[in-house]
Amino acid sequence: MKTIFRNERRFGRAMAIGLMTATVPGLAAAFDAQLSMTDGPEKLEKRLSAASLAMSLSRDDDTRHTSSEILAAARADYGTLISLLYDAGYFGPEIHIYVDGREAADIAPLNAPETITKIDIQVTPGRLFTFGRADIGPLAPDTTLPESFRSGQPAQTSAIRSAAITSINEWRDDGHAKADISDQTIVADHPEAVLDVEVELQPGPRLDFGQLTVKGNQDVRTDAILRIAGYPEGEQFDPEELDKVRSRLRRTGAFSSVAVQEADTPNADDTLDIGITVGEQLKRRFSFGIEIESDDGITLSGEWIHRNLFGGAERLKIEAETGTDYSDGGFDGKLTFRLDMPAYFGTDNDLFYFGGIEYLDEPHYDAVNLYGGAGIRRVFSEDLTGEVSIGPFFSQVDDAYGSDRKFQAVRLPSRLEWDKRDDPVNATKGFYLRTNVTPYAGFGETQAGVSALVDGRTYLAVTDSIVLAGRAQVGSVLGSSLTGTTPDLLFFSGGADTVRGQPYESLGIPVGTDTAGGKSFLGLSAEVRTRVTSAITLVGFYDYGMVGPDSFVTADDESQSGAGLGLRYGLSGIGAIRVDVAYPVHGDTSDGLQFYIGIGQAF
């Protein structure tokens with residue numbers, strides 16, 4: 001026996017079951033439902049049980065359902081289970097769904113029993129079909145079809161869909177924007193348990209990008225949207241370019257949604273018009289944060305953001321931070337701003353201005369810093385960004401080398417970020433790499449040099465609930481001496497961002513009876529993150545830090561380490577609340593148990 005499925009234009013056809021209930025009987029008592037499968041894999045049985053509407057209703061202990069609802073779910077399960085069985089490659093299944101011993105299909109929807117106590121679903125999947133012929137074409141050059149769509153492989157409908165989608169996308173990548181399926185024939189040979197598939201594609205003409213239209217914007221100017229989008233009008237159609245247009249607009253932060261639509265039909269000159277519909281974010285946002293460390297004290301922070309300052313999606317961010325060290329009554333704070341102007345020097349180049357004033361009351365130095373400048377931010381790809389800026393820097397410092405020391409310099413800070421994490425907030429795989437390099441030229445007695453810090457992080461999911469995370473930080477100052485380098489460019493170890501379990505900035509370079517920062521730093525951290533529930537994660541960690549007086553650390557330099565346990569509790573809309581408790585493992589700065597409270601993972 002052969003069964004032939006044919007569809008002239010589109011692949012697949014949705015199966016719909018409609019039910020109407022004229023009367024609503026009283027609420028039914030709780031009912032039992034079970035699903036059993038004969039001669040089939042256990043994994044498939046679990047999939048069927050999870051998808052069954054009747055099984056789902058029976059597991060709903062908090063809601064009582066009418067007999068009409070239960071019967072409707074049972075009857076709908078015929079289509080649901082058949083669809084799943086076809087998707088798994090079983091094209092000769094036998095399904096019986098009994099409602100208190102009666103076949104559900106034989107019970108009229110308008111004649112539901114007054115009560116239903118049991119649903120019994122019996123499935124015999126039959127033989128697993130394999131692909132005989134598996135043909136699709138014509139194919140675009142260099143198209144690689146999924147391995148699952150091969151003669152002899154299990155005849156899963158998902159494999160056919162995947163092959164069709166892959167083939168169409170390859171044509172679209174080659175400029176054929178309207179590539180589609182023109183015909184298909186699927187033949188099921190039941191005696192041989194073989195499925196023959198023939199899919200015919202219609203690539204259509206190669207198209208170029210036509211006119212771009214914008215709608216939905218209210219406060220962001222249309223000309224600014226067009227400039228930021230970087231739409232390549234006149235160039236060959238490429239869906240990747242549309243993804244870039246969407247991404248460029250979203251990363252400004254000015255839009256809550258960006259939808260890109262292709263015209264239904266090409267123009268006579270083989271161009272295809274594109275439409276963009278945007279939804280704008282609220283212009284202003286205010287946020288705040290708090291972080292508590294047992295030794296360093298309480299840090300309060302807040303930021304105010306305007307997402308469309310001048311009508312061109314310009315982003316102004318003003319940040320304020322203040323901290324109190326309750327161990328000695330110290331106080332510090334800062335006020336900074338940054339204005340980003342998107343697509344100012346080309347599509348992926350943003351101009352930004354920045355400035356700030358800060359008073360730092362650190363454990364081993366006090367400083368008043370004043371700085372400002374301008375720079376360019378470049379987006380190389382979704383994963384890789386960089387920026388470079390230039391501006392003056394003034395500082396007045398009291399530290400281990402003296403009081404009222406003044407520094408005047410022009411700094412050229414640059415940063416490169418490569419982010420391949422699956423989730424920047426709570427990564428389970430991938431890596432993150434950031435490099436900060438700051439050359440500086442001094443005025444008067446201020447020395448010149450360069451400070452650099454590389455921060456690398458990697459993540460590995462061992463199981464669904466266990467993630468290993470590692471971090472390495474390497475810092476160095478070249479050119480200027482210890483006394484000729486401003487303390488904010490030197491390195492200390494200890495605290496939440498370096499070595500938990502050791503007091504904040506407790507390790508540096510001894511200078512008489514005081515301590516100064518070093519010219520080199522090595523920091524290593526390792527965590528084992530174990531998810532206990534969907535909201536709770538337990539973390540075990542070990543941190544190590546080393547600071548040296550020269551530009552590169554050596555084995556003779558002082559080091560410290562700490563270890564501890566942490567708890568992460570996820571809150572929707574906020575992120576994970578982090579609580580870490582750590583104890584010093586080695587180092588002369590040991591000061592007992594330390595605790596840390598913050599938002600998000602430690603790294």
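Residues numbered from 1 in each chain as written. Predicted model: local features only at pLDDT ≥ 70, side-chain atom pairs only at ≥ 80, totals over all residues. Heavy atoms only, no water.

Caption draft 1: Structural view of the packing of helix α5 (residues 222-229) against helix α6 (residues 239-250). At a minimum axis separation of 8 Å, α5 and α6 run at an interaxial angle of 125 degrees. Between α5 and α6, the angle falls in the class oblique. Between α5 and α6 the crossing geometry is right-handed. Taking contact as the criterion, the partners of I225, I228 and A229 in α5 are, on α6, V245, R248 and L249. (Axes fitted to C-alpha atoms, helices over the stretch in contact; angles between N-to-C directions. Helix = DSSP H or I, 4+ residues; strand = E, 2+ residues; numbered from the N terminus. Parallel < 35°, antiparallel > 145°, perpendicular 65-115°, else oblique. Left-handed = near helix turned anticlockwise from the far one by under 90°. Contact = heavy atoms within 4.5 Å.)

Caption draft 2: Summary view of the sheet that holds strand β10 (residues 255-262). Strand order in this open sheet of 3 strands is β9-β11-β10, and the pairing throughout is mixed. With one partner strand each, in any of the chains shown, β9 (208-215) and β10 form the two edges of the open sheet. Averaged over all pairs of adjacent strands, the angle between strand axes in this sheet comes to 20 degrees, irrespective of strand direction. Along the sheet, α5 contacts β9, β10 and β11 (271-280); its crossing angle with β9, the most-contacted strand, is approximately 140 degrees. (Pairing = 2+ DSSP bridges.)

Caption draft 3: Inspection of the pattern of salt bridges at higher detail. According to the stated counting rule, one finds 35 salt bridges in the structure shown. In this structure, D348 and R251 form a salt bridge, with 2.7 Å as the shortest nitrogen-oxygen distance. Taken together, the residues D348 in the loop between β15 (330-341) and β16 (349-362) and R251 in the loop between α6 and β10 connect sequence positions 97 residues apart. Classification of R251 by relative accessible area gives partly exposed; the value is 32%. When the shortest N-O distance is used, the salt bridge between R405 and D399 registers 2.7 Å. Judged by its relative accessible area of 16%, R405 falls in the buried class. Judged by its relative accessible area of 16%, D399 falls in the buried class. The network of salt bridges with shared partners includes R500, E527, R529, D543, R568, R578 and D580. (Salt bridge = Lys/Arg side-chain N within 4 Å of Asp/Glu carboxyl O. Buried < 20%, exposed > 50% of the residue type's maximum accessible area, 1.4 Å probe, protein only.)

Caption draft 4: Spatial organisation of the environment of R315. In this fold, R315 is placed in strand β14 (residues 315-325). You can call R315 partly exposed: its relative accessible area is 25%. Along the sequence, R315 and G495 sit 180 residues apart, while their C-alpha atoms lie 32 Å from each other. R315 has contacts with T252, G253, I305, H306, R307, R338, L339 and D340, leaving out every residue within four places of it along the chain.

Caption draft 5: Molecular detail of helix α1 (residues 42-51). Looking only at α1, the buried set comprises L44, L48 and S49. The arc enclosing the buried residues of α1, seen along the axis, measures out at 140 degrees, which places them on a common side. Among the exposed residues of α1, those pointing more than 90 degrees away from its buried face are E42, K43, K46 and A50. Elements that come into contact with the buried residues of α1 comprise β2 (32-37), α2 (53-58), α3 (67-88) and β5 (118-124). (Arc of directions from axis to C-beta.)

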